[in-house]
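Residue-level structural notes
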Amino acid sequence: MDKYLIVGLGNPGDEYAETRHNTGWMVLDAFAKASNIVFDDRRYGFVAETSLKGRKVFLLKPTTYMNLSGNAVRYWLNKENIDQSRLLVVSDDVALPLGAFRLKGNGSNGGHNGLGHIQQLIGQQYARLRMGIGNDYPVGAQIDHVLGRFTDEERAHLQPSVDMAVDILRSFVLAGIDVTMNQYNKFGKTPLWQKLQKPE
């Protein structure tokens, strides 16, 4: 049976719940809810398991804290003997507007600490889904921004993209990275919530 590892980056603990830096966790929580599965507290992270048309899927929310995310990713790849081509990491991204997203098959970490640590341990050859959280903050306040909580309005603006991200994760498992990029990246260039507000 082919195995896949889907990782949502974030930080453990109530003080980080629902913060912008935990957008990866939000996507995995939405996927788990849609799949009617729950996370168990296991080594290096919260893990949930499901299957899609004969493919085994592991969802991982690392509990290593963001800047050591690679420890959890490497451990679960090795433990379950999952090929790196079947790894997808979901992260927040300040370089993309809130509600925009970008799926890539590989690349640099873009200054993201979680992606940076994963890259240190396994290289750049893995798929990543970057979820835009915007950069509406003053100079020097990036940490406060990413560790701050979404407002109710921001959460509402993010939700359509989280819902689509669940579809993207399924497509990655069932159709592969190239087909999924071709199908979905065109939707992520402009924040989805803006498109939904436009008159027909």
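Scroll up to find the structure.
The rules behind the values
Residues numbered from 1 in each chain as written. Predicted model: local features only at pLDDT ≥ 70, side-chain atom pairs only at ≥ 80, totals over all residues. Heavy atoms only, no water. Salt bridge = Lys/Arg side-chain N within 4 Å of Asp/Glu carboxyl O. Helix = DSSP H or I, 4+ residues; strand = E, 2+ residues; numbered from the N terminus. Buried < 20%, exposed > 50% of the residue type's maximum accessible area, 1.4 Å probe, protein only. Axes fitted to C-alpha atoms, helices over the stretch in contact; angles between N-to-C directions. Left-handed = near helix turned anticlockwise from the far one by under 90°. Contact = heavy atoms within 4.5 Å. Nonpolar A, V, L, I, M, F, W, Y, C, P; charged D, E, K, R; others polar. Pairing = 2+ DSSP bridges.

Considerations on the pattern of salt bridges
- This structure, assessed with the given rule, holds 10 salt bridges.
- Of the charged contacts, one joins Asp-29 and Lys-61 as a salt bridge, the two residues approaching to 2.6 Å between their closest N and O atoms. One end of the pair, Asp-29, is in helix 1 (residues 23–35); the other, Lys-61, is in strand 4 (residues 55–62), and 32 residues separate them in sequence.
- Given the relative accessible area of 35%, Asp-29 is considered partly exposed.
- For Lys-61, a relative accessible area of 8% translates into the label buried.
- The partner of Lys-79 in a salt bridge is Glu-80, and the shortest N-O contact between them spans 3.4 Å.
- For Glu-80, a relative accessible area of 12% corresponds to the buried category.

Regarding the packing of helix 1 against helix 5 (residues 152–175)
- Running from amino to carboxyl end, helix 1 crosses helix 5 at an angle of 65°, the nearest separation of the two axes being 9 Å. Seen along the crossing, helix 1 lies across helix 5 with a hand that is right-handed. In this structure, helix 1 uses Thr-23, Met-26, Val-27, Leu-28, Ala-30, Phe-31, Ala-34 and Ser-35 to contact helix 5, whose residues at the interface are Arg-155, Leu-158, Val-162, Ala-165, Val-166, Leu-169 and Arg-170.
- Residue composition of the contact of helix 1 with helix 5, by class: 11 nonpolar, two polar and two charged.

A word on the sheet that holds strand 1 (residues 3–8)
- Pairing in this open sheet of seven strands is mixed, and the strands run 2-3-4-1-5-7-6 from one edge to the other. Only two strands of the sheet have a single neighbouring strand rather than two, namely strand 2 (40–42) and strand 6 (101–104). Across the sheet, the mean angle from the axis of one strand to that of its neighbour is 25°, orientation sign disregarded.
- Alignment of strand 1 against strand 5 (residues 87–93), held across four bridges, turns out to be parallel. Each bridged residue has a counterpart across the sheet, and for Ile-6 the counterpart in strand 5 is Leu-88.
- Contacting strand 6 and strand 7 (127–132), helix 6 (residues 177–188) crosses the sheet at an angle of about 165° to strand 6.

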